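Fold and contact review
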Amino acid sequence: MSLLQGYTVIDFSHRLPGPLGSLILKQLGAHVIKVEDVKHQDPFLSGFFKEFDPSFESWYQELNKGKEIIRFDYKSEHIQEDVQKLIQKSDAVIIAMGNKLKLKLGIDQETLENKYANKAFIDLKASLTEKNNMHDLNAMSEIGLMNFYLHNKSEKVVAPPFLPTSGIAFGQQIATDLIAALLKSTKESKNTFHTSTLLETAENIFTPFWPKNLRELENQKYLHNGAFPCYSFYKTHDSKYIGVAAVEERFWIEFEKLFKFNIPSDQRFNRDQKTFNKISDIISSLTINQIKEKLGDQDLCISFIE
């Protein structure tokens, strides 16, 4: 899509949320210039993140695909001039760094207000509260969503969910905030400054799905976390999995007919483990290729995890 063709965004952020936000803008057609320190670069590419977990380098490559990468010497005596030239030709700037470095680069709010006009500036922070340091796990814990994940677990150590959910949501919020700030600066013909925060993003986006009235209920199993046999993962004979989401009656009827479970459609919301076991016994007797052959070209909300 080229909805933002002709716009230039400067990205002074690193790791996940900011680069994801600018990636979304790039995918919408904006020219994105990611700025890094020539020595330290992005921690996902160079530094202790990369050293202890090699997956971060792959994330860096994906999050910054198609962007123009410029590396400045942040200790150079000309650094403010270099940054100023770059921002002059931009429409919007994403900033994620401490106040000391902002001053050094000349991208603190006071300097930006005095040097530029009609631009959108998005400043990234952990939260609007006193909490200045936070990762995805902290944000999801602070808003109470981890209570849902940890419910009824008995292990002494529990691995977090695989994807950094609130960080991903934050990246999308950054892109949304920047577009809104661009609209405001264009309409009012002046600079627009906005602070985007991880914690408040997580709270605004996720708490509607885990409100207080649900937290008070004893049973915390719902459709999306495996309460019903019509929406779950089942292991095949060759140790693969199929994802079944036959929630609607028409999908369930065809699903049941195909595999001969003998489970009526009104039982697809039966929480009894016997219903799960009935399906599992049949799926586990078939390889994933046999299941594919059975399904043919039928579209029954069934996916293959290989």
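If you're wondering where the values come from, they're calculated on a predicted model, not measured in any experiment.

1. With respect to the overall build of the chain
Helix and strand counts for the chain come out as 14 helices and 9 strands. Against the globule reference of 19 Å for 306 residues, the chain gives a C-alpha radius of gyration of 24 Å, more extended than a compact globule. The burial tally for the chain puts 42% of its 306 residues in the buried class. Of all intrachain contacts in the chain linking residues separated by at least 6 positions in sequence, the fraction that spans at least 24 positions is 70%. Carbon and sulfur atoms make up 51% of the accessible area of the chain, which totals about 17,500 Å². Computed over 37 positive and 40 negative side-chain charges, the inter-centroid distance for the chain is 1 Å.

2. Things to note about the packing of aromatic side chains
What the rule picks out here adds up to 19 aromatic pairs. Geometrically, the ring pair formed by Phe-49 and Phe-52 is tilted, given 5.6 Å between the ring centres and 40° between the ring planes. Here Phe-52 and Phe-49 lie together in helix α2 (residues 48-52), a separation of 3 residues that amounts to about one turn. Take Phe-49: its relative accessible area is 8%, and that puts it in the buried class. Taken together, the ring pairs in this structure connect Phe-44, Phe-48, Phe-49, Phe-52, Phe-56 and Trp-59 into an aromatic cluster. Against the face of Tyr-149 rests Lys-153, its NZ or CZ located 5.0 Å from the ring centre. Sitting above the plane of the Phe-304 ring, Lys-292 keeps its charged end 5.3 Å from the centroid.

3. Considerations on the sheet that holds strand β1 (residues 8-12)
Taken in spatial order, the 6 strands make up an open sheet running β3-β2-β1-β4-β5-β6, and their pairing is parallel. In this open sheet, the two strands that pair with only one neighbour each are β3 (68-72) and β6 (192-197). Direction aside, the axes of adjacent strands within the sheet are offset by 20° on average. Across 4 bridges, the pairing between β1 and strand β4 (residues 92-95) is parallel. Its bridge partner lying in β4, Val-9 is registered against Ala-92. The sheet strands contacting helix α1 (residues 17-27) are β1, β2 (31-37), β4 and β5 (120-125), and the helix crosses β1 at an angle near 165°. Set on the sheet, helix α9 (residues 165-188) makes contact with β1, β4, β5 and β6; between it and β5 the angle comes to about 150°.

4. Quick look at the packing of α9 against helix α10 (residues 198-206)
Where α9 contacts α10, the axes come no closer than 9 Å and their chain directions differ by 95°. Viewed along their axes, α9 and α10 adopt a mutual orientation that is roughly perpendicular. Between α9 and α10, the contacting residues are Thr-165, Ser-166, Gly-167, Ala-169, Phe-170 and Gln-173 on the first element and Leu-198, Thr-201, Ala-202, Ile-205 and Phe-206 on the second. In the contact of α9 with α10, the residues fall into 6 nonpolar, 5 polar and no charged.

5. Re the pattern of salt bridges
Enumeration over the complete set of coordinates arrives at 10 salt bridges. One salt bridge in this structure joins Lys-257 and Glu-254, with 3.4 Å as the shortest N-O distance. Taken as a pair, Lys-257 and Glu-254 lie in helix α12 (residues 249-259) at a separation of 3 residues, close to a single helical turn. Judged by its relative accessible area of 28%, Glu-254 falls in the partly exposed class.

What counts, and at which threshold
- Residues numbered from 1 in each chain as written.
- Predicted model: local features only at pLDDT ≥ 70, side-chain atom pairs only at ≥ 80, totals over all residues.
- Heavy atoms only, no water.
- Helix = DSSP H or I, 4+ residues; strand = E, 2+ residues; numbered from the N terminus.
- Rg over C-alpha atoms; globule rule 2.2 N^0.38 Å.
- Buried < 20%, exposed > 50% of the residue type's maximum accessible area, 1.4 Å probe, protein only.
- Contact = heavy atoms within 4.5 Å.
- Areas by Shrake-Rupley, 256 points an atom, 1.4 Å probe, with all protein chains shown as cover.
- Lys, Arg positive; Asp, Glu negative; His and termini not counted.
- Charge placed at Lys NZ, Arg CZ, Asp CG, Glu CD.
- Phe/Tyr/Trp six-rings, centres within 6.5 Å; stacked < 30°, edge-to-face > 60°.
- Lys NZ or Arg CZ within 6 Å of the ring centre and 35° of its normal.
- Pairing = 2+ DSSP bridges.
- Axes fitted to C-alpha atoms, helices over the stretch in contact; angles between N-to-C directions.
- Parallel < 35°, antiparallel > 145°, perpendicular 65-115°, else oblique.
- Nonpolar A, V, L, I, M, F, W, Y, C, P; charged D, E, K, R; others polar.
- Salt bridge = Lys/Arg side-chain N within 4 Å of Asp/Glu carboxyl O.

Without other data, these values stay purely geometric and don't point to any function.
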